[in-house]
Amino acid sequence: MRQLIFSYFILGAILICTSCSDKQYQALFQERNAIPDTLSQKSPLPLSEYHIKSQDILEIRNLQNSKSIVDLNPSVNVVASTGGASNQPETFQVEEDGTVALTGLGHVQVAGLTRFEAQKLIEGLYHNTLLKDPIIALKIVNLKVTILGEIKSQGNYPLTKDKTTLVELIGEAGGLTDKASEKNIKIIRGTEKKPQIIEIDLNNIRSINDPSTILQSGDIIYVAQNKRAARTDNLQNFSTVLQPALILFNTVLILYTLIHR
């Protein structure tokens, strides 16, 4: 009976030692069910410029005199002469009807336009009403992407220019970690029902000019671990579990030896 109990204990210890779990981030963006081939694309996706939508946040400035759009109102300029107005960029939210309320112009329809188109439209409207030679700068400040995994600074990053590339974002995030697999970088975009997964291999020089690496708002970039780092982590996990199991095994072995003297 004692030998049977001891055998069960040895078997349990072996099972504990061999059941090492991977870290959580190693399981990100993996499907338990088979993914249709149409979702994993290595060819460039057709890209289109971002079109302004309701709830977007626009930063609009007149570069001609370094004043914000709010300062274009004569009543506000009186405050500016007393030092009460700020030259900091002003932000404007696109309303549900697709318009943005601008000083001196009222509601201007911008939904459906690209950043450049909206910039030129507003510049032309101010030229025809309040300003002689306005230079309007417009940014969409709420656009962002998320980068996770083996990157030195994970998190959300704003898309401050029209065509930000994956390489530029990686540089902004501090670069890849020593554990990163430069051959296994995924860009996840699209909707929850129709996700699109773009696999990028930065070892291939052609990936630098690949149009699919031009980021779009809402993209999730995941940098996987390389195989060597994954094996090292698995070995460390195994050692962490094995050490207390060996101590327990030695204790039981000593007790068993003492009982059968």
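Residues numbered from 1 in each chain as written. Predicted model: local features only at pLDDT ≥ 70, side-chain atom pairs only at ≥ 80, totals over all residues. Heavy atoms only, no water.

When helices and strands are tallied, the protein chain shows 5 helices and 12 strands. Here the protein chain holds 261 residues, and 30% of them are scored as buried. Sequence separation of 24 or more characterises 63% of the internal contacts of the protein chain that already satisfy a separation of 6 or more. For the protein chain, the exposed surface amounts to about 16,500 Å²; the carbon and sulfur share of it is 55%. (Helix = DSSP H or I, 4+ residues; strand = E, 2+ residues; numbered from the N terminus. Buried < 20%, exposed > 50% of the residue type's maximum accessible area, 1.4 Å probe, protein only. Contact = heavy atoms within 4.5 Å. Areas by Shrake-Rupley, 256 points an atom, 1.4 Å probe, with all protein chains shown as cover.)

On the surface, Val167, Ile205 and Ile208 cluster together to form a nonpolar patch covering roughly 270 Å² of accessible area. Positionally, Ile205 belongs in the loop between β11 (195-200) and β12 (220-225). (Patch = residues over 30% accessible without salt bridge, like charges linked within 9 Å, V, L, I, M, F, W, Y side chains within 5 Å. Salt bridge = Lys/Arg side-chain N within 4 Å of Asp/Glu carboxyl O.)

Now for unusual backbone geometry. Phi is positive for Gln55, which is not a glycine, with a value near 80°. Position of Gln55 among the secondary structure elements: in the loop between β1 (40-41) and β2 (57-62).

Here we come to the pattern of salt bridges. Summed over all chains, the structure comprises 4 salt bridges. Residue Lys161 pairs with Glu168 through a salt bridge whose shortest N-O separation is 3.1 Å.

What follows concerns the pairing of strand β9 (residues 155-158). As paired elements, strand β8 (residues 144-149) and β9 share 4 bridges and run antiparallel to each other. Looking at β9, one finds that Lys144 is bridged to Pro158. Taking the residues that link successive antiparallel strands as the turn, the β8-β9 hairpin has 5 residues. (Pairing = 2+ DSSP bridges.)

As judged from the 5 bridges shared by strand β10 (residues 180-190) and β12, these two strands associate in the antiparallel manner. From the neighbouring strand, Ile187 faces β12, where its bridge partner is Ile221. Bridge analysis of β10 against β11 gives 6 bridges, and the strand direction is antiparallel. Paired with Ile188 across the strands is Ile197, a residue of β11.

Turning to the side chain of Asp56, a few remarks are in order. Within the secondary structure, Asp56 sits in the loop between β1 and β2. A polar side-chain atom of Asp56 sits 2.8 Å from the main-chain amide nitrogen of Lys53. Those residues in contact with Asp56 that sit more than four places away from it in its chain are Tyr50, His51, Phe92, Gln93, Val94, Ile140 and Asn142. (Polar contact = N/O pair within 3.5 Å; in protein donor to acceptor, adjacent residues only side chain to side chain.)

As a further point, take helix α3 (residues 115-129). Taking 1.5 Å per residue as the helical rise, α3 with its 15 residues ought to reach 21 Å, and the 21 Å between its terminal C-alpha atoms agrees with that figure. Among all positions of α3, only Ala118, Gln119, Ile122, Glu123 and Tyr126 are buried. All buried residues of α3 lie within an arc of 130° about the axis, which places them on one face of the element. Buried-residue contacts for α3 involve β2, β5 (99-102) and β7 (136-140). (Expected span 1.5 Å × (residues − 1). Arc of directions from axis to C-beta.)

Okay, the side chain of Ser212 next. The residue Ser212 is located in the loop between β11 and β12 in this model. Since its relative accessible area comes to 1%, Ser212 is described here as buried. At 2.9 Å, the side chain of Ser212 and the side chain of Asp210 are in polar contact.

With 62% of its residues at a pLDDT of 70 or more, the protein chain shows a mean pLDDT of 76. Taking the mean pLDDT of every element in the protein chain, the minimum, 38, falls on helix α2 (residues 74-81) and the maximum, 96, on strand β6 (residues 106-109). Contacts from residues 34-47, a stretch scored under 50 in pLDDT, to residues over four places away or in other chains number 23 contacts. (pLDDT = per-residue confidence, 0-100.)

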